[in-house]
Each structure stands twice: as C-alpha cells, then as structure tokens.
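Chain and residue survey
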Amino acid sequence: MPSKTPVGILGATGMVGQRFIQLLESHPWFEVAWLAASDRSSGKSYGEAAKWRLDSPLPQRIDRMTVSPAEPEGAPKVIFAALDAAIAREMEPRFAQAGCAVISNSSAFRMAADVPLVIPEVNGDHLRLIEEQASRRHSGGYMVTNPNCSAIGLVLALKPLEERFGLEKIFVTTMQAVSGAGYPGVPSMDILGNVVPYIGSEEEKMEAETLKLLGRFEGHAVAPLGARISASCNRVPVEDGHTEIVSIQLARPATREQILEAWAEFRPLAGKNLPSAPGQPVEFAPQDDRPQPRLDRNRGRGMTVTVGRLRPCALLDWKFTLLSHNTIRGAAGAAILNAEMLASQGRLVPALPEAEAMSAATRA
Ligand SMILES: NC(=O)c1ccc[n+]([C@@H]2O[C@H](COP(=O)([O-])OP(=O)(O)OC[C@H]3O[C@@H](n4cnc5c(N)ncnc54)[C@H](OP(=O)(O)O)[C@@H]3O)[C@@H](O)[C@H]2O)c1
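This section reports on the structure supplied with the text. No experiment lies behind these values; they were computed from the predicted model shown.

1. Remarks on the site of the ligand
- The environment of the ligand is made up of 28 residues, and the closest members are Thr-13, Ser-38, Arg-40, Ser-41 and Leu-83.
- Within the contact set of the ligand, an oxygen atom lies 3.1 Å away from a side-chain nitrogen or oxygen of Asn-326.
- For the ligand, whose free accessible area comes to 910 Å², the fraction covered by protein is 80%.
- Broken down by secondary-structure element, the contributors of at least two residues to the shell around the ligand are α1 (15–24), α4 (85–97) and α12 (328–344).
- The element contributing the most residues to the shell around the ligand is α4, with three residues.
- Residues that form the shell around the ligand fall into these classes: 13 nonpolar, 13 polar and two charged.

2. What to know about the nonpolar core
- Counting residues in hydrophobic clusters, the biggest one holds 43 residues, and the most contacted among them are Phe-20, Leu-24, Leu-35, Tyr-46 and Phe-80.
- Secondary-structure elements contributing two or more residues to this core are β1 (5–10), α1, β2 (30–36), β3 (78–81), β4 (101–104), β5 (142–145) and α12.
- It is α12 that contributes the most residues to this core, nine residues altogether.
- Setting aside chain neighbours within four positions, we find Phe-80 in contact with Val-7, Gly-8, Ile-9, Leu-10, Phe-20, Leu-24, Phe-30, Ile-103, Ala-335, Ile-336 and Ala-339.
- Formed by 40 residues, the second largest nonpolar core is a distinct cluster that contains Leu-156, Phe-165, Leu-167 and Ile-199.

3. Remarks on the packing of helix α7 (residues 149–165) against α12
- Two numbers describe how α7 lies on α12: the axes approach to 8 Å, and their chain directions differ by 90°. The angle between α7 and α12 places the two elements in the roughly perpendicular class. Contacts from Cys-149, Ile-152 and Leu-156 in α7 reach Arg-329, Gly-330 and Ala-334 in α12.
- Broken down by class, the residue content of the contact of α7 with α12 amounts to four nonpolar, one polar and one charged.

4. Section: the sheet that holds β4
- Reading across the sheet, the five strands line up as β2-β1-β3-β4-β5 and stay open at both edges, with parallel pairing between neighbours. Strand pairing shows two members of the sheet lacking a second neighbour, β2 and β5, which therefore form its edges. Ignoring strand direction, the axes of neighbouring strands in this sheet form an average angle of 25°.
- Packing against the sheet, α1 makes contact with β1, β2 and β3, and its axis sits at approximately 160° to β1.

5. Examining the environment of Leu-83
- Secondary-structure assignment places Leu-83 in the loop between β3 and α4.
- Each C-alpha atom of the pair Leu-83 and Val-122 lies 24 Å from the other, and the pair is 39 residues apart in sequence.

6. Regarding the pattern of salt bridges
- Scanning the model with the defined rule gives 13 salt bridges in all.
- The partner of Glu-209 in a salt bridge is Arg-110, with the nearest N and O atoms 2.9 Å apart. Of this pair, Glu-209 sits in helix α9 (residues 202–213) while Arg-110 is found in the loop between β4 and α5 (120–123), placing the two residues 99 residues apart along the sequence. Neither residue differs from the other here; Glu-209 and Arg-110 are each classed as buried.
- The residue Glu-265 makes a salt bridge to Arg-164 at a minimum N-O spacing of 2.7 Å. Separated by 101 residues along the polypeptide, Glu-265 in the loop between α10 (256–264) and β11 (282–285) and Arg-164 in helix α7 bring together distant segments of the chain.
- You can call Glu-265 partly exposed: its relative accessible area is 45%.
- Overlapping salt bridges bring together Glu-283, Arg-290, Asp-296 and Arg-299 as one network.

7. A look at the environment of Asn-338
- Positionally, Asn-338 belongs in helix α12.
- Taking the C-alpha atoms as reference, Asn-338 lies 6.2 Å from Pro-120; in sequence the two are 218 residues apart.
- Among the polar contacts made by the side chain of Asn-338, one reaches the main-chain carbonyl oxygen of Val-118 at a distance of 3.3 Å.

8. Some points on the sheet that holds strand β10 (residues 242–250)
- Here six strands make up an open sheet; going across it, the order is β9-β6-β10-β13-β12-β11 and the pairing mixed. Whereas interior strands pair on both sides, the edge strands pair on one side only; in this sheet they are β9 (228–235) and β11. The sheet shows a mean angle of 25° between the axes of neighbouring strands, direction not considered.
- Sheet analysis places strand β12 (residues 305–312) next to strand β13 (residues 318–324), joined by five bridges and oriented antiparallel. Following the sheet pairing, Arg-311 is matched in β13 by Lys-319.
- α9 rests against β6 (167–176), β9 and β10 of the sheet, and its axis sits at about 140° to β9.

Reading guide: rules and limits
Residues numbered from 1 in each chain as written. Predicted model: local features only at pLDDT ≥ 70, side-chain atom pairs only at ≥ 80, totals over all residues. Heavy atoms only, no water. Near = heavy atom within 4 Å. Polar contact = N/O pair within 3.5 Å; in protein donor to acceptor, adjacent residues only side chain to side chain. Areas by Shrake-Rupley, 256 points an atom, 1.4 Å probe, with all protein chains shown as cover. Helix = DSSP H or I, 4+ residues; strand = E, 2+ residues; numbered from the N terminus. Nonpolar A, V, L, I, M, F, W, Y, C, P; charged D, E, K, R; others polar. Core = buried A, V, L, I, M, F, W, Y, C linked by side-chain atoms within 4.5 Å. Buried < 20%, exposed > 50% of the residue type's maximum accessible area, 1.4 Å probe, protein only. Contact = heavy atoms within 4.5 Å. Axes fitted to C-alpha atoms, helices over the stretch in contact; angles between N-to-C directions. Parallel < 35°, antiparallel > 145°, perpendicular 65-115°, else oblique. Pairing = 2+ DSSP bridges. Salt bridge = Lys/Arg side-chain N within 4 Å of Asp/Glu carboxyl O.

This is the structure:
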C-alpha cells in the first residue's frame, strides 16, 4: 500500500484544529505528522495543551505528540491552517514561501486576487490561480482557502440553480452556531436564551465570497458573479450547525420540480474518488419542519448541505432553508476536500524538488 502524505496542522489546539485531528485520524491519504499552535502551547504534549471539545476520544497518538513552534522549519510540506485571520495574515505566507502547500481556513487571503477560494463541487477550476502566486514560482509553495462557514452552505445550495437558471438576487439571513466563534467563543451570559444580531465582518464576507465562488476563472483571475446579494448574520444558542433562510431571484423561470431536480442531480465529484466528498452534496428534506441543526448537521458525515421548505417567495422567486455543519463542511472538512482535490490534480505536494526549494529559500 502506498504510504500516506504527512501533513501538519497550524492552530491545532483550536475548534477547527480539533476537527482536523478528528477527520484526519482515519484518512486514507493523509497522516498528521506535526502540530503547532501559539507559544502558550508549544513544547507541551497535545493532550496537555488542548482542551479537547469533541465527542469522539482524542486519539492516543495525538495526545502524546509534542506541539511544535509555529515555524516552517521541520514542518511537513502540506499544512492545514486554522489560525485567527490576524495571525494567518503574517504566518501563512511564510509557510508558502518556505515551500509548503497551505490549505487555509482563515479569511486573511480569501479575497486576494491570486489566492483560490474554493469549494471542489463548485469551482475546482479556480485552483489554477495558485500558479499566479510568487511563492509558487520561487519555492513551489502556495496558499489555497476555503470559504466562510456560512458562505459555503449557501454557495453549495445556489450553484446547481445558478448553473441551470442563472441568479440575479440573493437575500439570506443566518442563524449561526456558537462553535463558529471558536473556543471559548461567545460568553454564555450573552448567548443563553438569546439571539445576537451581529457577527463582526460576517455579512461582508458572505456577500463578497459568494460572488467570488460563483465567479468565472478567466485564465489569470476570477471575475465575480454579477448578482446582487444581501446577507444578515445572527448568532444563536446552537452548538454546531448554521441555518440560513434564503430568497432568490432567478434569471430564467424554474418550477419547484426543476429546482428539486437541480439539487438532486448535483454530483460534480461523482467518480473522482475523493475520500471526503459526500455522495450527495445537497440533499432535500421533504418534511415541513426540516432542516434542523440537531437532526441534520451530520448528513454525509457533516459534508452534506440539507435544504428544505422550498416555496414561492412573494418578493423574489423562491425561498428555502438550508443547514450545514460549520466546523466540518464549513471548515476542516472543506479544507481536507480541497487538499484531496489538489492531490487529484497532482498539485498537492509542491512541485519544486526539495533541493531546488531550499536553494530558492536561501536566495529569497
Ligand atoms: N469555528 C468555525 O466554525 C470556523 C469555521 C470556518 C472558519 N473558521 C476560521 O478558522 C480559524 C480558526 O478558528 P477556530 O474557531 O479554530 O479558532 P480558535 O478555537 O480560537 O483556535 C485558534 C488556534 O490558533 C492558535 N494560535 C493563536 N495564536 C497563535 C499564534 N500566535 N501562533 C500560532 N498559533 C496561534 C491557537 O493556539 P493556542 O491554543 O496555543 O492559543 C489555536 O490553536 C479562524 O480564522 C476562523 O475564522 C472557523
């Protein structure tokens, strides 16, 4: 059996870092070989440094691993990054310049013109943007990002409709889980029995990222989709799973049956054998009272977006509700699927041979 690709996790002790550990534990292609976090954690065993928050046991091998300093020296060539945006802005380019493939969750570079913002089912062709990055030419390293945890569910539900009927207007209101704010996140006194109608920069991210994701790759850049979008984002007392209420105006008329058919037939990764790709990326729940976070967030091992309550909208054309798992489909699972897509395109392990990358790093 071919050996697995060693991977590292930057920000391994946080909410998303823990999901990476959980999802990678039995991954057929990748093996966690390096963990890094802040100076507070570095040098400790992972079990000592991290407050494990997930409902599966912390794997023993990981429990005993020492948390490394967050430096590229000695790190594997494939890095899953789960850092706060301000830290990612400084740290991710250093890893890319040192010849690493940085598969990032943070918002720091999502809207950069030469950084792909990718959902494999939606715009895998945008991965070619890595060839525009200076680090790719100098060391082979590059950065790839996955979207904001609310944008990803929305875009997966919209893509099949955009392909068949075109999209003119999108109006979306979110009800986002507390795990979306990391750990410890929103103080319990603020969120218990409450709704907070503001998540800093979230609405701007959802709007801009949605249009980039649905945009067209034009050789060296992405032209965003020319639709109008308005997002309102709220934090609600739910542990995991973001719910979104969506109204859309289409460019061409569609019946309810045609919309359901577009979602049901949307299986762009079928046959590609990517281990994290769900069989059905967008699944319709016919019951009147679904989707619900507790009942539907783990469909497709947390990688399927559930849509429901499809009905005519008196202001636009159609409205529906969607649900996606924010730390799996919205974060760690999304990044792992991006890495699988890069691997299937032969781009995952940076292209320059080690020796050449080292001499390039010395020249830089
Ligand atoms: N939670 C979600 O649902 C979600 C979804 C999509 C995207 N994201 C994005 O993913 C990223 C991580 O989110 P999270 O929820 O996992 O945050 P988190 O729980 O706050 O974890 C942050 C991680 O970064 C590490 N860190 C902090 N300062 C550092 C430094 N100076 N150098 C190296 N590592 C440092 C922390 O290590 P220590 O333990 O040592 O402090 C911890 O491992 C954010 O950009 C977030 O916006 C989150």
